[in-house]
Amino acid sequence: MPPEVIQIPYSKKSGYAGLAVLLLLMLFLLKTTVTNYLVHDILGASIFGVLVLFILFLLGLMIITRLIPAFKGEVALELDENGVKDYIRNIILDWKDIEDIGLRPGRSTAMLVFELKFDSDFGKQVFVSLRWVEGKDQDIFKTVLNYFDAAEGIERIDEDE
């Protein structure tokens, strides 16, 4: 019998980092826009102005989809007796459909790799980014793998032994 339901919340730290990067980029573009306007470069000011508006749109989108859920303590990744639910991308996988789980490290964040027993709408592999999930990537991977093993009755042999 698998353990109780595990709910992992959104990461506030990643939200703050993303917010800081977008704000710095927006301030740089805004400064460039004003500078171009003051030297009467209307074309340059218009182009950079459009980029500022685009960054503002991305900023609003990130605040609504990532920061507000993080502040509310909403769940980003959930493990239960039926499967894993990624609320960030709205992906639900049943344990019975998963063949194995791996971890793919990246430059800024890792991804969980779910190997499926069949081709799905997402392909034979489903990738779940851990960028917006609270916790260390390796710890989350171990938690998911242990839950999968318990749910499916799998006993793994550690290579350390």
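Residues numbered from 1 in each chain as written. Predicted model: local features only at pLDDT ≥ 70, side-chain atom pairs only at ≥ 80, totals over all residues. Heavy atoms only, no water.

A.B. asks: With reference to specific residues and values, describe helix α2 (residues 42-72).
C.D. replies: Under the 1.5 Å per step criterion, the end-to-end length of α2 is 43 Å for 31 residues, consistent within 8% with the ideal 45 Å. A maximum bend of about 40° is found in α2 at Ile-63. Within the span of α2, buried status applies to Gly-44, Ala-45, Gly-49, Val-52, Ile-55, Leu-59, Met-62, Arg-66, Leu-67, Pro-69 and Ala-70. (Helix = DSSP H or I, 4+ residues; strand = E, 2+ residues; numbered from the N terminus. Expected span 1.5 Å × (residues − 1). Bend = angle between axes of the 7 residues up to and from the residue. Buried < 20%, exposed > 50% of the residue type's maximum accessible area, 1.4 Å probe, protein only.)

A.B. asks: Describe the sheet that holds strand β6 (residues 111-120), naming the residues involved and giving the relevant values.
C.D. replies: If you trace the three strands from one edge of the open sheet to the other, you get β5-β6-β7, paired in antiparallel fashion. The open sheet is flanked by β5 (98-104) and β7 (123-129), the only strands paired with a single partner. The sheet shows a mean angle of 25° between the axes of neighbouring strands, taken without regard to direction. Bridge count between β5 and β6: six bridges; the pairing is antiparallel. Residue pairing for β6: Asp-100 is matched across the bridge by Glu-115. Where helix α3 (residues 137-152) meets the sheet, it contacts β5 and β6, and its direction lies at approximately 170° from that of β5. (Pairing = 2+ DSSP bridges. Axes fitted to C-alpha atoms, helices over the stretch in contact; angles between N-to-C directions. Contact = heavy atoms within 4.5 Å.)

A.B. asks: If you had to explain the pattern of salt bridges to someone new, which residues and values would you point to?
C.D. replies: Applying the stated criterion to the full structure yields four salt bridges. With a closest N to O distance of 3.8 Å, Glu-78 and Lys-85 form a salt bridge. A relative accessible area of 10% places Glu-78 in the buried class. Judged by relative accessible area, which is 16%, Lys-85 ranks as buried. Here Lys-96 makes a salt bridge to Asp-97, at a shortest N to O gap of 3.7 Å. Bridged by salt links that share partners, the residues Glu-78, Asp-80 and Lys-85 form one connected network. (Salt bridge = Lys/Arg side-chain N within 4 Å of Asp/Glu carboxyl O.)

A.B. asks: Explain the packing of helix α1 (residues 12-38) against α2 residue by residue, including any values.
C.D. replies: At a minimum axis distance of 9 Å, the contact between α1 and α2 shows a crossing angle of 165°. When the axis of α1 is compared with that of α2, the two are roughly antiparallel. Between α1 and α2 lies a crossing of left-handed hand. Here the contact of α1 with α2 is built from residues that sort into 23 nonpolar, seven polar and one charged. (Parallel < 35°, antiparallel > 145°, perpendicular 65-115°, else oblique. Left-handed = near helix turned anticlockwise from the far one by under 90°. Nonpolar A, V, L, I, M, F, W, Y, C, P; charged D, E, K, R; others polar.)

From the geometry alone we can't say anything about function, so treat these as descriptive.
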